[in-house]
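The residues making up each chain are set out below.
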Amino acid sequence: QVQLVESGGGLVQAGNSLRLSCAASGRTFSSYAMGWFRQAPGKEREFVAAISGSGGVTYYVDSVKGRFTISRDNAKTTVYLQMNSLKPEDTAIYYCAASVAINREARRYQYWGRGTQVAVTS
């Protein structure tokens, strides 16, 4: 069992930055790939980024490449999403999730946090 708690969301102006954190419980954190997803009002949940258990492999959705960076600290059992050059279209609830293998599909993630709200004003 893995419990995930996101933090770091907030209200920012376009062009600014935020860093999201996701703290995980459990001693097997490094065995899980971690992903970030987001869901905007009226839209389906969307893959944002993922990182392998070792941190050596990362995936990003095209719309955030060059602006967002996913990273993890296995000693602190925490995964991060550094978001730079934020745009109004990045507004959403951001969720972190854990999976036995790195992938881009929400249905393949077994554990989910409750989310943290990010709002970007123009």
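Attention here is on the structure that accompanies the text. This structure is a prediction, so every number in the text was calculated from the model and none was measured. (Residues numbered from 1 in each chain as written. Predicted model: local features only at pLDDT ≥ 70, side-chain atom pairs only at ≥ 80, totals over all residues. Heavy atoms only, no water.)

1. Notes on the pattern of salt bridges
Pairs can form between side chains of opposite charge whenever their charged atoms are close.
Piece 1. Going through the model one piece at a time under the given rule, you end up with six salt bridges.
Piece 2. We note a salt bridge from Arg38 to Asp90, for which the minimum N-O separation is 2.9 Å. Highlighted residues: Arg38 in strand E4 (residues 33-39) and Asp90 in the loop between strand E8 (78-83) and strand E9 (92-99), separated in sequence by 52 residues.
Piece 3. Relative accessible area serves as the criterion here: at 7%, Arg38 is assigned to the buried category.
Piece 4. Classification of Asp90 by relative accessible area gives buried; the value is 1%.
Piece 5. Salt-bridge contacts for Glu105 lead to Arg107; the nearest nitrogen and oxygen are separated by 2.9 Å. (Salt bridge = Lys/Arg side-chain N within 4 Å of Asp/Glu carboxyl O. Helix = DSSP H or I, 4+ residues; strand = E, 2+ residues; numbered from the N terminus. Buried < 20%, exposed > 50% of the residue type's maximum accessible area, 1.4 Å probe, protein only.)

2. A short note on the nonpolar core
Across soluble globular proteins, nonpolar side chains have a tendency to be buried as a group.
Piece 1. Of all hydrophobic cores here, the largest spans 36 residues; its most connected members are Leu4, Met34, Trp36, Leu81, Met83 and Tyr94.
Piece 2. Of all the secondary structure elements, the ones that give two or more residues to this core are strand E3 (18-24), E4, strand E5 (46-51), strand E7 (68-73), E8, E9 and strand E11 (116-121). (Core = buried A, V, L, I, M, F, W, Y, C linked by side-chain atoms within 4.5 Å.)

3. Section: the side chain of Arg72
Piece 1. Tracing the sequence through the fold places Arg72 in strand E7.
Piece 2. Among buried Asp, Glu, Lys and Arg side chains, Arg72 stands out as unpaired, with Asp73 the closest opposite charge at 8.3 Å.
Piece 3. Polar side-chain contacts of Arg72 include one of 3.4 Å to the backbone oxygen of Gly53.
Piece 4. There is a polar contact of 2.8 Å between the side chain of Arg72 and the side chain of Asn74.
Piece 5. Ignoring anything within four residues of it in the chain, the contact list for Arg72 reads Phe29, Ser30, Tyr32, Ala33, Met34, Ile51, Ser52, Gly53, Gly55, Thr78, Val79 and Tyr80. (Lys, Arg positive; Asp, Glu negative; His and termini not counted. Polar contact = N/O pair within 3.5 Å; in protein donor to acceptor, adjacent residues only side chain to side chain. Contact = heavy atoms within 4.5 Å.)

4. Observations concerning the sheet that holds strand E1 (residues 4-7)
Piece 1. Ordered by their spatial adjacency, four strands build an open sheet running E1-E3-E8-E7, and the pairing between neighbours is antiparallel. Every interior strand has two partners, whereas the edge strands, E1 and E7, have only one. If you compare each strand with its neighbour and ignore which way they point, the axes differ by 15° on average.
Piece 2. As judged from the four bridges shared by E1 and E3, these two strands associate in the antiparallel manner. The residue of E3 that forms the bridge with Leu4 is Ala24. (Pairing = 2+ DSSP bridges. Axes fitted to C-alpha atoms, helices over the stretch in contact; angles between N-to-C directions.)

Don't take any of this as a statement about function, it's just geometry.
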